[in-house]
Amino acid sequence: MKCLKHIFILIFITSFNFLLGQTALITGIIFNTNNVPIANVNISSNNFGTISNADGFYILQVASDKEIAVTFSHIVFKNIILKNSF
């Protein structure tokens with residue numbers, strides 16, 4: 001019975017967290033003007049962030065069903081902010 005209680009609590013917490021924490025993923029590849037992938041680009045939106053790999057690929061987690069702004073920044077290039085374009 002005690003085990004059943006723990007399982008119920010775990011399912012309840014997981015379900016509650018799922019309902020409040022709806023997220024989506026944005027993926028892409030970042031290129032420069034010569035179509036060469038750019039590594040180590042910082043990509044961020046609100047409380048989430050990531051960095052592009054050596055091939056320019058990234059996966060960014062964002063809050064779903066909300067207006068967002070995604071910022072791309074790199075030490076060599078100008079910052080770019082995309083708003084509500086997803």
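On a predicted model such as this, the values are computed, not experimentally measured, just so you know. (Residues numbered from 1 in each chain as written. Predicted model: local features only at pLDDT ≥ 70, side-chain atom pairs only at ≥ 80, totals over all residues. Heavy atoms only, no water.)

1. Focus: the overall build of the protein
Convention followed: Helix numbering and strand numbering both begin at the N terminus, where a helix is a DSSP run of H or I of at least 4 residues and a strand a DSSP run of E of at least 2. Each residue is assigned to one of three classes by its accessible area relative to the maximum for its type, calculated with a 1.4 Å probe on protein chains only: buried under 20%, partly exposed between the two thresholds, exposed over 50%. Throughout, a contact is declared for two residues whenever any of their heavy atoms are within 4.5 Å.
Within the protein, the regular secondary structure consists of 1 helix and 6 strands. Order of helices (α) and strands (β) in the protein, N terminus to C terminus: α-β-β-β-β-β-β. Counting only residues that meet the buried cut, the protein has 21% of its 86 residues in that class. Summarising the internal contacts of the protein: among those between residues at least 6 apart in sequence, 44% fall at separations of at least 24.

2. What to know about unusual backbone geometry
One non-glycine residue with positive phi stands out, namely Asn-35, at about 60 degrees. Relative to the helices and strands, Asn-35 is located in the loop between strand E1 (23-29) and strand E2 (42-45). Residue Asn-35 is classed as exposed on the basis of its relative accessible area, which comes to 60%. At Asn-40, a position not held by glycine, the phi torsion is positive, near 60 degrees. Structurally, Asn-40 is set in the loop between E1 and E2.

Function cannot be read off these values alone, since they describe shape.
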